[in-house]
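# Architecture and fold: a report
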Amino acid sequence: MPSVTAGQFAKKKVQTLKPIETNVMLMETDPNKKRALLLSIECINTLNEGLHFLHAAGGCPKPKWSRYLSFLKSRTFSELTRPKYVTQIVFRNDKAAFHKQLEGKAGKSYPKIHTIFSTECTPYFDWQTIGFVHSFNLSGQPGNVTRLLSCTDEELKQYRGHDLAPTHYVPSMSRHPLTGDWYPAINKPAAVLHWINHAIIDAEFIVILDADMILKGPITPWEFKAERGRPVSAPYDYLIGCNNVLAKLHTRNPQSCDKVGGVIIMHIEDLRNLALLWLHKTEEVKADKEHYATNVTGDIYGSGWISEMYGYSFAAAELNLRHTINRKIMIYPGYVPEPGASYRVFHYGLEFKVGNWSFDKAKWRDTDMVSKCWARFPDPPDPSTIDTTDENARQRDLLSIECARTLNDALFLHHKKRNCPIAGLVTTPKLEEGSKISSTRKLGKIDETYAERSNSVPRNNSEELTSPIAKEQMLSSFRFWIVALWATSFFCFVALMLAVFSRDVKRKIRGKHHKSRKRSSYSSGVFDSNGIDRHLRSAEISEKL
């Protein structure tokens, strides 16, 4: 191949770069594809421009004016390669999905969203985190998600669940630093305040949820009509303190107290104004032990446990921040759904049942579902066994089953990601082919058809999951034992050969010693007989003489 000098290469390079604006315009009419081609040209031309400067620095003669360099610096190219931003996203959810669309410059851009939820450094919150993040990824919820993790220094040293979710670390206030009062629920407002003050937040709206929730679909301010000064939330009708003396004691605007909670969609500036007041009102209500009674607070335990919920409502009332209350955004499993409601959140904070099967999160407070391979909750009944005579009860039970199965699916994927050994798997019940549970995913609608599941007896201990590819696992296990048997046979053979070889060596050494002794004795015997012969011969000669 003939050699090419640097100057010749530079000249040749300029001459071969033909794809410029005119060519692209003729090649493609679609503006998006046209822009992709122009960006490709920019990449190659930038590389060639670098070579051009390299050759110039090496003393090569300067090339003549080139069309590609001129075009690369032109206003036309700058306009054609200008980044195109998503200007409108239309989310539509008919118990399924949302659709993403791109529109022109005249389109309205939707605000950024950030979803947060608070937890603590315990296995109890870890399995809830796994379920939450799994459902978040399936739901199509726009924006980022952050776990607000409240831990003491000692808890954080021993904590192992750092990779379960994107995390903002918060000092624990479970034990109040001033009063010494034990109240873990205060970590929620304390964590939100800490996050607001320490994190870099570029979102316009914040969605605040609880760890014991499963997302079924996107929760967006444009769909639920949240605005600055007008947050959206779900009803908490049991907060009767908004209508009695409790509100009059703890807020100047009792008439603005809304009985809300669970799901909160709020503008970031409203949250900045509310966060500190939310924490202070929580402390205030928790300290008001004279009004712990159930008939005042609605707290069935009468212990001030829901002080944090009142802290939020009273703080919002103090700011005259009224809510749009939406009853179709959240449902408790075990409750009868409203006809036509497309719920976005399961809140499994209370025990729920399907026939003889039940699930209560509190019973799994001390069970390690995260680090024990293939740990899962008892499987709910098969939907085909549900009584169809009562449609309300049927819909209620189907939602309960979906919630429980989402938790188990999340745990299965978690253990699979951890590379838990397949040998720990057992048979997994599956849904019938005909039964479907809709699951909303990002950028589209996906109806996940669960495979057939057999009925299982409810168990209180964590169980082990099944592999859906049993045959493949059996083959893998068989291959493993074949390799193990082969390796064992090889080592036994080597050991046997070493034993035989060492025995032969010992025999050879023993034989050499025996021969040497024999030779020495033989030599001495020969010497003696020769001496006798010589003596006899000399005697005979003397007699003859």
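If you're wondering where the values come from, they're calculated on a predicted model, not measured in any experiment. (Residues numbered from 1 in each chain as written. Predicted model: local features only at pLDDT ≥ 70, side-chain atom pairs only at ≥ 80, totals over all residues. Heavy atoms only, no water.)

## Topic: the overall build of the protein
A tally of helices and strands in the protein yields 15 helices and 14 strands. Counting all 545 residues of the protein, 43% fall into the buried class. The long-range fraction of contacts in the protein, counting pairs at least 24 apart against all pairs at least 6 apart in sequence, stands at 72%. For the protein, the accessible area works out to roughly 31500 Å², and carbon and sulfur atoms hold 57% of it. (Helix = DSSP H or I, 4+ residues; strand = E, 2+ residues; numbered from the N terminus. Buried < 20%, exposed > 50% of the residue type's maximum accessible area, 1.4 Å probe, protein only. Contact = heavy atoms within 4.5 Å. Areas by Shrake-Rupley, 256 points an atom, 1.4 Å probe, with all protein chains shown as cover.)

## Focus on the state of the cysteines
Tallied over the entire structure, the rule returns three disulfides. Between Cys242 and Cys257 runs a disulfide, and the two sulfur atoms are separated by 1.9 Å. Linking Cys242 in the loop between β6 (232-235) and α10 (245-250) with Cys257 in the loop between α10 and β7 (260-267), this pair joins segments that are 15 residues apart in sequence. Of the two residues, Cys242 and Cys257, both sit in the buried class. A sulfur-sulfur separation of 2.1 Å characterises the disulfide bridge that pairs Cys373 with Cys420. As the torsion about the S-S bond is roughly -80°, the Cys373-Cys420 disulfide counts as left-handed. Of this pair, Cys373 sits in the loop between β12 (357-359) and α14 (391-417) while Cys420 sits in the loop between α14 and β13 (436-441), and the two are 47 residues apart along the sequence. On the accessibility criterion, Cys420 (7% relative accessible area) is buried. By sequence order of its bonded cysteines, the protein has the disulfide arrangement 1-2, 3-4, 5-6. (Disulfide = S-S within 2.5 Å.)

## With respect to the side chain of Ser150
Note that Ser150 resides in strand β2 (residues 144-151). Residue contacts for Ser150: discarding those within four places in its chain leaves Thr119, Glu120, Cys121, Glu155, Val170, Ser172, Asn187 and Ala191.

## Focus on the sheet that holds strand β9 (residues 330-331)
Within the open sheet, the three strands sit side by side as β5-β10-β9. Their pairing is mixed. The outermost strands of the open sheet, each flanked by one partner alone, are β5 (213-215) and β9. Alignment of β5 against strand β10 (residues 345-347), held across three bridges, turns out to be antiparallel. Residue pairing for β10: Leu215 is matched across the bridge by Val345. (Pairing = 2+ DSSP bridges.)

## Re the sheet that holds β6
Strand order across the open sheet formed by seven strands is β3-β2-β1-β4-β7-β6-β8, with mixed pairing between neighbours. Among the strands making up the open sheet, the edge pair consists of β3 (167-171) and β8 (324-325). Bridge count between β6 and β7: four bridges; the pairing is antiparallel. Each residue of the ladder has a partner; that of Ala234, found in β7, is Gly261. Helix α6 (residues 123-139) rests against β1 (113-120), β2 and β4 (205-210) of the sheet, and its axis sits at about 165° to β1. Along the sheet, helix α8 (residues 187-198) makes contact with β1, β2, β3 and β4, crossing β3 at roughly 115°. (Axes fitted to C-alpha atoms, helices over the stretch in contact; angles between N-to-C directions.)

## Observations concerning the pattern of salt bridges
One pass over the full model with this rule turns up 16 salt bridges. With its nearest N and O atoms 2.9 Å apart, the salt bridge here joins Lys112 to Asp202. A residue pair is termed long-range when its members are at least 10 positions apart, and Lys112 in the loop between α5 (75-80) and β1 and Asp202 in the loop between α8 and β4 qualify at 90 residues. (Salt bridge = Lys/Arg side-chain N within 4 Å of Asp/Glu carboxyl O.)

## Focus: the packing of α6 against α14
Where α6 meets α14, the closest approach of the two axes is 9 Å, and the angle between their N-to-C directions is 100°. Relative to α14, the element α6 is oriented roughly perpendicular. Here Trp127, Ile130, Gly131, His134 and Ser135 of α6 lie close against α14, whose contacting residues are Thr406, Leu407, Asp409, Ala410, Leu411, Leu413 and His414. (Parallel < 35°, antiparallel > 145°, perpendicular 65-115°, else oblique.)

## Some points on the pairing of β4
Among the six residues in β4, six count as buried, and that is most of the element. Of the pairings in the sheet, the one linking β1 to β4 comprises six bridges and is parallel in character. Among the inter-strand pairings, Ser118 is bridged to a residue of β4, identified as Asp210. Summarising the sheet, β4 and β7 pair through four bridges and their orientation is antiparallel. Considered in β7, the bridge of Ile208 is made with Ile264.

## Brief notes about α8
Between its first and last C-alpha, α8 extends 16 Å over 12 residues, near the 16 Å set by a 1.5 Å rise per residue. All of the buried residues along α8 are Asn187, Lys188, Pro189, Ala190, Ala191, Val192, Leu193, Trp195 and Ile196. Buried residues along α8 sit in contact with β1, β2, β3, β4, α11 (268-287) and α13 (307-318). (Expected span 1.5 Å × (residues − 1).)

## A closer look at a nonpolar patch on the surface
A surface patch of nonpolar side chains, amounting to about 790 Å² of accessible area, comprises Trp486, Phe490, Phe491, Phe493, Val494, Met497 and Leu498. Among the secondary structure elements, Phe490 is positioned in helix α15 (residues 470-544). (Patch = residues over 30% accessible without salt bridge, like charges linked within 9 Å, V, L, I, M, F, W, Y side chains within 5 Å.)

## Considerations on the packing of aromatic side chains
Across all of its chains, the model carries 20 aromatic pairs by this definition. Centroid distance Phe117 to Phe132: 4.1 Å. Interplanar angle 25°. Geometry classified as stacked. Taken together, the residues Phe117 in strand β1 and Phe132 in helix α6 connect sequence positions 15 residues apart. For the pair Phe117 and Phe132, one class covers both residues: buried. On the basis of an interplanar angle of 75° and a centroid distance of 5.5 Å, the ring pair of Tyr124 and Phe125 is categorised as edge-to-face. By relative accessible area, Phe125 is classed as buried at 17%. (Phe/Tyr/Trp six-rings, centres within 6.5 Å; stacked < 30°, edge-to-face > 60°.)

## Describing the environment of Ile300
You can see Ile300 is positioned in the loop between α12 (294-297) and α13. Counting along the chain gives 62 residues from Ile300 to Tyr238, while the straight-line C-alpha distance between them is 9.6 Å.

## Some points on the nonpolar core
Grouped together as the largest cluster of nonpolar side chains are 70 residues, with contacts concentrated most on Trp127, Ile219, Ile265, Met330 and Phe359. In terms of nonpolar packing, the next biggest core, distinct from the first, is built from 30 residues, Ile186, Ile201, Ala203 and Trp278 among them. (Core = buried A, V, L, I, M, F, W, Y, C linked by side-chain atoms within 4.5 Å.)

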